[in-house]
Amino acid sequence: MSDAKMETVIDDQAQSGGPQSQAARQVEELRADVDTIDAAIVAMMAERFRVTHRIGLLKAQAGFASADMHRESAQIAALRDKADDYGLDPDLAEAYLHLVADAAKRDHERLASQANSR
Ligand SMILES: C=C(O[C@@H]1C=C(C(=O)O)C=C[C@H]1O)C(=O)O
């Protein structure tokens, strides 16, 4: 147990028939859940992006700036609280918000420059 391994390819372990193959098969079962959850997260992120895109179109038309850090501060506080309720590291929830809000603002910048070049 003490040797520091850089990587274990679980698929190989599951097929080895060796003493660790049962643990490897359990890991594979749990990975199916991980894949289902990841697919749902990506679907929700796509939906979120469609909504923020509509916000970006409205901002570009009205001449509003892409960023609203007052709003983002409130979102971060709310998500950190929510993460705490669920037993998730609040830093992870905040990192998620930065990731998606930064992508949304880049999209808004593109929309604004398209509106300005017309
Ligand atoms: C989507 C908006 O634009 C930006 C992106 C945000 C987000 O992705 O949640 C939040 C605030 C803004 O900085 C918005 O103003 O609501």
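What you are looking at is a predicted structure, and each value in this text was computed from that prediction instead of being measured. Per chain, residues are indexed from 1 in the order of the written sequence. Per-residue local features of the predicted model are confined to residues with pLDDT of at least 70, and side-chain atom pairs are confined, for both listing and counting, to 80 or more; whole-chain, interface and lining totals are unaffected and use all residues. Side-chain calculation: all heavy atoms of the structure are included, whereas hydrogens and water are not.

**Details of the overall build of the protein chain**
Phase 1 of the analysis: In DSSP terms, a helix is any run of H or I states spanning at least four residues, a strand is any run of E spanning at least two, and both are numbered starting from the N terminus. The secondary structure content of the protein chain amounts to 4 helices and 0 strands.
Phase 2 of the analysis: When we talk radius of gyration, it's over C-alpha atoms, and the globule rule is simply 2.2 Å times the number of residues to the 0.38. Taking 2.2 N^0.38 as the reference for a compact globule, 118 residues should give roughly 13 Å; the C-alpha atoms of the protein chain span a radius of gyration of 21 Å, well beyond that estimate.
Phase 3 of the analysis: When the backbone C-alpha atoms are referred to their principal axes, the protein chain occupies close to 65 × 35 × 25 Å.
Phase 4 of the analysis: Out of the 118 residues in the protein chain, the part that is buried amounts to 19%.
Phase 5 of the analysis: Here a residue-residue contact requires only that any non-hydrogen atoms of the pair lie within 4.5 Å. Residue pairs at least 24 apart in sequence account for 52% of intrachain contacts in the protein chain once pairs closer than 6 positions are excluded.
Phase 6 of the analysis: When the accessible area of the protein chain is evaluated, it comes to approximately 9,200 Å², of which 57% is carbon and sulfur surface.
Phase 7 of the analysis: When charges are tallied, Lys and Arg are placed among the positive residues and Asp and Glu among the negative ones, while His and the ends of the chain are skipped. Lysine's charge is taken at NZ, arginine's at CZ, aspartate's at CG and glutamate's at CD. Distance between charge centroids for the protein chain: 9 Å, based on 14 positive and 21 negative side chains. Each residue's exposure class comes from its accessible area (1.4 Å probe, protein chains only) as a fraction of the maximum for that residue type: buried when under 20%, exposed when over 50%, partly exposed otherwise. Computed with the Shrake-Rupley method and a 1.4 Å probe, the accessible areas treat only the protein chains shown as cover for residues.

**Some thoughts on the UniProt feature "domain: Chorismate mutase" (unreviewed entry) in the protein chain**
Phase 1 of the analysis: UniProt positions are given in the numbering used here, feature names are shortened, and annotations may be inferred rather than shown by experiment. Cross-referencing UniProt, the feature "domain: Chorismate mutase" (unreviewed entry) maps to residues 21–112 in the present numbering.
Phase 2 of the analysis: The span residues 21–112 is 90% helical and 0% strand by assignment, and the distance between its end C-alpha atoms comes to 55 Å.

**Examining the packing of helix α2 (residues 21–62) against helix α4 (residues 90–116)**
Phase 1 of the analysis: Between the N-to-C directions of two axes lies an angle of 0 to 180 degrees, each axis being a line fitted to C-alpha atoms and, for a helix, fitted only over the stretch in contact. Two numbers describe how α2 lies on α4: the axes approach to 9 Å, and their chain directions differ by 40°. Taken together, α2 and α4 sit at an angle that is classed as oblique. Considering how the two elements wind past one another, α2 and α4 form a crossing that is right-handed. Here Met45, Arg48, Phe49, Thr52, His53, Ile55, Gly56, Leu57, Lys59 and Ala60 of α2 come into contact with α4, specifically with Tyr96, Leu97, Leu99, Val100, Ala101, Ala103, Ala104, Asp107, His108, Leu111, Ala112 and Ala115.
Phase 2 of the analysis: Along the lines of polarity and charge, the residues of the contact of α2 with α4 split into 15 nonpolar, 4 polar and 3 charged. Working rule for angles: under 35 degrees goes down as roughly parallel, over 145 as roughly antiparallel, 65 to 115 as roughly perpendicular, anything else as oblique. By the definition used in this description, the sense in which the near helix is turned from the far one sets the handedness, with an anticlockwise turn below a right angle giving left-handed and a clockwise turn giving right-handed. Gly is placed with the polar residues, together with every amino acid not listed as nonpolar (Ala, Val, Leu, Ile, Met, Phe, Trp, Tyr, Cys and Pro) or charged (Asp, Glu, Lys and Arg).

**Points about the site of the ligand**
Phase 1 of the analysis: Throughout this document, a residue counts as near a molecule or strand when at least one of its heavy atoms sits within 4 Å of that molecule or strand. Residues in close proximity to the ligand total 14 residues, the closest being Arg48, Lys59, Asp68, Glu72 and Gln75.
Phase 2 of the analysis: One of the side-chain nitrogen or oxygen atoms of arginine 48 is found 2.8 Å away from an oxygen atom of the ligand.
Phase 3 of the analysis: A distance of 2.5 Å separates an oxygen atom of the ligand from a polar side-chain atom of glutamate 72.
Phase 4 of the analysis: Secondary-structure elements contributing two or more residues to the shell around the ligand are α2, α3 (69–86) and α4.
Phase 5 of the analysis: Taken together, the residues of the shell around the ligand break down into 4 nonpolar, 4 polar and 6 charged. For this analysis, a polar contact is any N or O atom pair within 3.5 Å, provided that within protein one partner can donate a hydrogen and the other can accept it, and provided that sequence-adjacent residues contribute only side-chain to side-chain pairs.

**Some details on a negative patch on the surface**
Phase 1 of the analysis: Among the surface-exposed residues, Glu29, Asp33, Asp35 and Asp38 lie close enough to one another that they form a single negatively charged patch.
Phase 2 of the analysis: Position of glutamate 29 relative to the elements: it lies in helix α2. In this analysis, a patch consists of residues with relative accessible area above 30% that form no salt bridge, clustered at 9 Å for like charges and at 5 Å for the nonpolar side chains Val, Leu, Ile, Met, Phe, Trp and Tyr. The rule for a salt bridge is simple: a side-chain nitrogen of Lys or Arg has to be within 4 Å of a carboxyl oxygen of Asp or Glu.

**Digging into the packing of α3 against α4**
How two helices sit against one another is set out by the angle between their axes and by the gap between those axes.
Phase 1 of the analysis: Remark: α3 packs on α4, axes separated minimally by 8 Å, with the N-to-C direction vectors making an angle of 145°. For the element pair α3 and α4, the recorded crossing hand is right-handed. Here Met69, Glu72, Gln75, Ile76, Leu79, Arg80, Ala83 and Asp84 of α3 lie close against α4, whose contacting residues are Pro90, Asp91, Ala93, Glu94, Tyr96, Leu97, His98, Ala101 and Lys105.
Phase 2 of the analysis: Looking at the contact of α3 with α4 residue by residue, the classes come out as 9 nonpolar, 2 polar and 6 charged.

**A short note on a nonpolar patch on the surface**
Phase 1 of the analysis: A contiguous nonpolar surface patch, about 450 Å² in accessible area, is contributed by Ile37, Ile41, Met45, Tyr96 and Leu99.
Phase 2 of the analysis: For the nonpolar patch, the elements supplying multiple residues, two or more each, are α2 and α4.
Phase 3 of the analysis: At 3 residues, the largest contribution of residues to the nonpolar patch is made by α2.
Phase 4 of the analysis: Its place among the elements puts isoleucine 37 in helix α2.

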